[in-house]
Amino acid sequence: MLIIFKEIFMKIIMISPYFPPDKSVASIRMGSLYKYLVSKGHTVYVITNYKNIDDMEHVSFVREKQSNSVLNKLSSFRENRLSYYNVLSEVMKKFDCDIILISGGPFYTFNLTEYIKKMGKLSVLDFRDPWVFDIRGLKDLLSFKRIIARCIQLPYERNAIKYSTGVVSVSPGWINKFKLFYPFQKNKFKLIENGYNDSTNLNRNIGKTNIDFQIGIFGKLFYYSEKYSNIFLQALKENQQIKVLQIGNREENTDELLDKYDLSHDTIISTGFIDYEDGLKALMSSKFLLLIDNRKDAIGTKIYDYIFLNKPIIYIGPSKTYLAKMISSFQNGFSCASKIEILEAIKKIMNNNITNLDNNINVYQYGRSCRNQEYEKYLERIIKNEKW
């Protein structure tokens, strides 16, 4: 008997305030998924914040209202949610979709799940970052301002998840937290991690023989942890010959922190914002790569870029985080929580001329193509009402 498997072509509405050509990390996940789904024959209608896009057939724009004032943030949240609701309702009149995928932050689009369910459609929330339970250490947990914000945000998040069909997040820790806080919805949660941009034509071997910097970092350097940033600088003070290349904008407190430890301002060279591929090329001039992060459950996008470059990685932060465990699983991944551990890791890399993160690494499994395939199958299973 000949069995014929019928290929499914989905019709998807993708709601993503950040979307290419936005020059931010936030736009990469959905931008990559969009290209992949379209290449596989699926039809994707994008609703996004206003931007110049000339080469897309199915797209609608929303003019986002922004506010830096704490008092006005709730008002702008509601206005933006209403603006997206109005655009979505018009799009649904002319585009008969199978499923609606909503990516955030920002999270003002997430409560559209209630309307979507009333209209008899399926929806998936993509938590690129956590919303209510994005807690960064004890200081953030106990902050009065953050407690008030979480109390306001919690009903919105709870309802968004309640009316959704499925919920995706990017780290095992966040998935576990969602299941803990929303036990009656725990079967909705699905892990689909981030990845490096494997659509790049970058040759990883270029620049490996010309090491100008000992340490390279992609994006934020001191942002996530004051404590571990200071520990890193204490280690730099012990070896003032070390130079750091930061791909991205220099943080406001960088020179102040360098002054605190009597370190020259050119100890850290910041490139300012540059394109993704140019950033990776620049990182090739580094001997090894650095991450400073104290978040227990977070796995930022940059770790996948580091894995692609296949250079030794030093992680500075608590030893029981998901990042610490992930990095330590590689041959030349170092998890350091003290000045001594940092200095020992640097010494080992330098003295043994270590150039690779791991000689047996399968880079492909960390690329966005692999994640996009997983996302496609996940959406298909939801539409077919299958278990995932």
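Everything quoted here is computed from the prediction, not taken from an experiment.

Caption draft 1: View of the packing of helix 1 (residues 28-39) against helix 13 (residues 368-383). Closest axis-to-axis distance for the helix 1/helix 13 pair is 10 Å, and the angle between their directions is 70°. One finds that helix 1 runs roughly perpendicular with respect to helix 13. Note on packing geometry: the crossing formed by helix 1 with helix 13 is right-handed. Contacts between helix 1 and helix 13 involve Ile28, Arg29, Met30, Ser32, Leu33, Tyr36 and Leu37 from the former and Arg368, Asn372, Gln373, Tyr375 and Glu376 from the latter. Residue composition of the contact of helix 1 with helix 13, grouped by class: 6 nonpolar, 3 polar and 3 charged.

Caption draft 2: Expanded view of the sheet that holds strand 4 (residues 99-104). With respect to topology, 7 strands assemble into an open sheet ordered 3-2-1-4-5-6-7, the strand pairing being parallel. Bordering the open sheet on either side are strand 3 (59-62) and strand 7 (189-191), each of which pairs with just one other strand. Averaged over all pairs of adjacent strands, the angle between their axes in this sheet comes to 20°, without regard to strand direction. Relative to strand 4, strand 1 (residues 11-15) is paired through 4 bridges, and the arrangement is parallel. The partner of Met14 across the bridge, within strand 4, is Leu101. Each of strand 5 (122-127), strand 6 (166-169) and strand 7 touches helix 5 (residues 144-163); the most contacted strand, strand 5, lies at about 135° to it. Each of strand 5, strand 6 and strand 7 is contacted by helix 6 (residues 172-181), which is oriented at about 175° to strand 7, the strand it contacts most.

Caption draft 3: The arrangement of the sheet that holds strand 8 (residues 213-218) in detail. Taken in spatial order, the 6 strands make up an open sheet running 10-9-8-11-12-13, and their pairing is parallel. The sheet is open, and its two borders are formed by strand 10 (268-270) and strand 13 (333-336), each paired with just one other strand. On average, each strand axis in the sheet is inclined to that of its neighbour by 25°, with strand direction left out of account. Across 4 bridges, strand 11 (residues 286-292) lies against strand 12 (residues 313-316) in parallel orientation. Each bridged residue has a counterpart across the sheet, and for Leu291 the counterpart in strand 12 is Tyr315. Helix-sheet contacts for helix 7 (residues 226-238) involve strand 8, strand 9 (244-247), strand 11 and strand 12, and the interaxial angle to strand 11 is about 150°. In this fold helix 12 (residues 339-351) packs onto strand 8, strand 11, strand 12 and strand 13, with an angle of close to 160° to the strand it touches most, strand 13.

Caption draft 4: Just the nonpolar core, in detail. By size, the foremost hydrophobic cluster in this structure holds 58 residues, and its most contacted members are Phe232, Leu233, Leu290, Ile303 and Ile314. Once residues within four sequence positions are removed from consideration, Ile314 is found in contact with Phe288, Leu289, Leu290, Leu291, Phe334, Cys336, Ala345, Ile346 and Ile349. Ranked by size, the runner-up nonpolar core spans 34 residues in total, among them Tyr84, Met92, Tyr115 and Val167.

Caption draft 5: Local environment of the packing of helix 9 (residues 276-283) against helix 10 (residues 302-309). Between helix 9 and helix 10, the least distance of the axes is 11 Å, while the angle of their chain directions is 55°. With respect to their mutual orientation, helix 9 and helix 10 come out oblique. Viewed along their axes, helix 9 and helix 10 form a crossing whose handedness is right-handed. Facing helix 9, whose interface residues are Tyr276, Leu280 and Leu283, helix 10 presents Asp305, Tyr306, Phe308 and Leu309. Split into classes, the residues belonging to the contact of helix 9 with helix 10 amount to 6 nonpolar, no polar and 1 charged.

Caption draft 6: How the structure looks around the side chain of Glu376. Tracing the chain through its elements places Glu376 in helix 13. This buried residue, Glu376, is left without a salt bridge; Lys40 holds the nearest opposite charge, at 5.9 Å. Polar contacts involving the side chain of Glu376 include one to the side chain of Tyr36, which spans 2.9 Å. Excluding residues that lie within four positions of it along the chain, Glu376 makes contacts with Met10, Tyr36, Leu37, Lys40 and His42.

Caption draft 7: Just helix 1, in detail. Its 12 residues give helix 1 an end-to-end C-alpha distance of 17 Å, which sits within 8% of 16 Å, the value for a rise of 1.5 Å per residue. Every buried residue of helix 1 is accounted for by Arg29, Met30, Gly31, Ser32, Leu33, Tyr34, Tyr36 and Leu37. Those residues of helix 1 hidden inside the fold are in contact with strand 1, strand 2 (43-49), strand 4, strand 5, strand 6 and helix 13.

The rules behind these values
- Residues numbered from 1 in each chain as written.
- Predicted model: local features only at pLDDT ≥ 70, side-chain atom pairs only at ≥ 80, totals over all residues.
- Heavy atoms only, no water.
- Axes fitted to C-alpha atoms, helices over the stretch in contact; angles between N-to-C directions.
- Helix = DSSP H or I, 4+ residues; strand = E, 2+ residues; numbered from the N terminus.
- Parallel < 35°, antiparallel > 145°, perpendicular 65-115°, else oblique.
- Left-handed = near helix turned anticlockwise from the far one by under 90°.
- Contact = heavy atoms within 4.5 Å.
- Nonpolar A, V, L, I, M, F, W, Y, C, P; charged D, E, K, R; others polar.
- Pairing = 2+ DSSP bridges.
- Core = buried A, V, L, I, M, F, W, Y, C linked by side-chain atoms within 4.5 Å.
- Buried < 20%, exposed > 50% of the residue type's maximum accessible area, 1.4 Å probe, protein only.
- Lys, Arg positive; Asp, Glu negative; His and termini not counted.
- Salt bridge = Lys/Arg side-chain N within 4 Å of Asp/Glu carboxyl O.
- Polar contact = N/O pair within 3.5 Å; in protein donor to acceptor, adjacent residues only side chain to side chain.
- Expected span 1.5 Å × (residues − 1).

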